[in-house]
Amino acid sequence: MTITILPADHLACLACGIAAMPGTTETFISIGRLAQPGRPRMAANERSEYFELTRCPGCEQTRQQAAALVAEHPVVAHRLGTAAVERLEAGLGVLRLLGARTPRLTSARDVLRFVDHMSTAGALVRWSRRYTPVALSDAQDEDCNEAPWEHATEADRQTARDALAGLLAAVNERPAPIPCPDPSGGCMLCGIASVEALPSRAAHAWTPATANPSPLGGRPSNKRLSGHLCPTCATACDTVGSIGPTAMERALMAALGVRRKSLTPTELVGLKAWAVMPEASPNRRPWGHIEHVEALRTVLA
Ligand SMILES: [Zn+2]
Ligand SMILES: [Zn+2]
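Residues numbered from 1 in each chain as written. Chains lettered and ligands numbered in written order. Predicted model: local features only at pLDDT ≥ 70, side-chain atom pairs only at ≥ 80, totals over all residues. Heavy atoms only, no water.

Section: the packing of aromatic side chains
Point 1. Evaluation of the coordinates by the stated rule reveals two aromatic pairs.
Point 2. An angle of 70° between the planes, with centres 6.3 Å apart, marks the rings of Trp-127 and Tyr-131 as edge-to-face.
Point 3. Owing to a relative accessible area of 1%, Tyr-131 belongs among the buried residues under this scheme.
Point 4. Through pairs of rings, three or more aromatic residues link up here, namely Phe-51, Trp-127 and Tyr-131. (Phe/Tyr/Trp six-rings, centres within 6.5 Å; stacked < 30°, edge-to-face > 60°. Buried < 20%, exposed > 50% of the residue type's maximum accessible area, 1.4 Å probe, protein only.)

This is the structure:
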């Protein structure tokens, strides 16, 4: 890697590191200097330093692309907050470093998945890493790359390639059945034996939970039940804030695909969670242990 000296009136590009005429500048703060074996500690090690960086025209375009995508998909800003553009820009920088094509970014889901896989690697390989959070022992204000991304080490490039490989694997994967990890074999509420999820998300498909039997329609007992919830039932319990009749109602409505949120007392009688059914085997369809569940759908629809 060849670090060279900035021409007069230029600043280094915060992403690829080449000299650029300053447009918008950004200030990066180092909280100290990285010690280097065999070299005296620089006085600057003890204090913060400020470094001004800018963007070259190519990386400015990447920034604009990130801003446009965030503007186009409000869900992205909603989920990622104020760092949305920053994180997306960092991820897109990885593509520039590798000379890779931009994968499909047409839906909010595409964008969020992209950020999920790429933004950390992106932040690690940018030129600004020379200065922040700690400055390299020999980093100076007037440093820049002779050619874009020349500062990136082989390890940086491998990090970038791994991130992109992870993204492409996630883009191409298809949902598969993920069985309930509980020995009893079913969701505590609806009793379903397995759910469809992306294999890479398999560890998050089922949510461990504990509950008292009586709010679930079981005999009162001091013994707490423990098991797992499928995503539909977990969301219902999350929304309600506890595992009991209200959450069961919601979970049942969601599973039946009907919009009503409340059952009449008559309908509610006999609504039992699968976990309190003695010796019930796991269900192939949610709430299969409830008598006339299909009839209930018709009544409620
Ligand atoms: Zn650049
Ligand atoms: Zn369930």
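Details of the domain arrangement of the protein
Point 1. For the protein, the assigned domains are domain 1 (3-172) and domain 2 (177-300).
Point 2. The distance between the C-alpha centroids of domain 1 and domain 2 comes to 46 Å. (Domains from an automatic or database assignment.)

Overview of the coordination of the zinc ion (ligand 2)
Point 1. Looking at the zinc ion (ligand 2), one finds its protein donor set to be Cys-187 (SG), Cys-190 (SG), Cys-230 (SG) and Cys-233 (SG), positioned 2.3 Å from the metal centre.
Point 2. All donors to the zinc ion (ligand 2) come from one chain, and their sequence spacing reads C-x2-C-x39-C-x2-C. Residue Cys-187 is located in the loop between strand 7 (176-179) and strand 8 (194-197), and its partner Cys-233 is located in helix 7 (residues 231-240); the two are separated by 46 residues in the primary sequence. Exposure class is identical for Cys-187 and Cys-233. Each is buried. (Donors = N, O, S within 2.8 Å, 3.2 Å for Na, K, Ca; no water. Helix = DSSP H or I, 4+ residues; strand = E, 2+ residues; numbered from the N terminus.)

Some points on the nonpolar core
Point 1. Of all hydrophobic cores here, the largest spans 44 residues; its most connected members are Leu-88, Phe-114 and Met-118.
Point 2. For this core, the secondary-structure elements that each account for two or more residues are strand 5 (49-53), helix 1 (57-72), helix 3 (84-98), helix 4 (108-125) and helix 5 (154-172).
Point 3. Excluding residues that lie within four positions of it along the chain, Phe-114 makes contacts with Leu-88, Gly-91, Leu-92, Leu-95, Pro-103, Leu-105, Ser-119 and Leu-167.
Point 4. Counting residues in each nonpolar core, the second largest holds 35 residues, with Cys-180, Ala-251, Leu-256 and Ile-290 among its members. (Core = buried A, V, L, I, M, F, W, Y, C linked by side-chain atoms within 4.5 Å. Contact = heavy atoms within 4.5 Å.)

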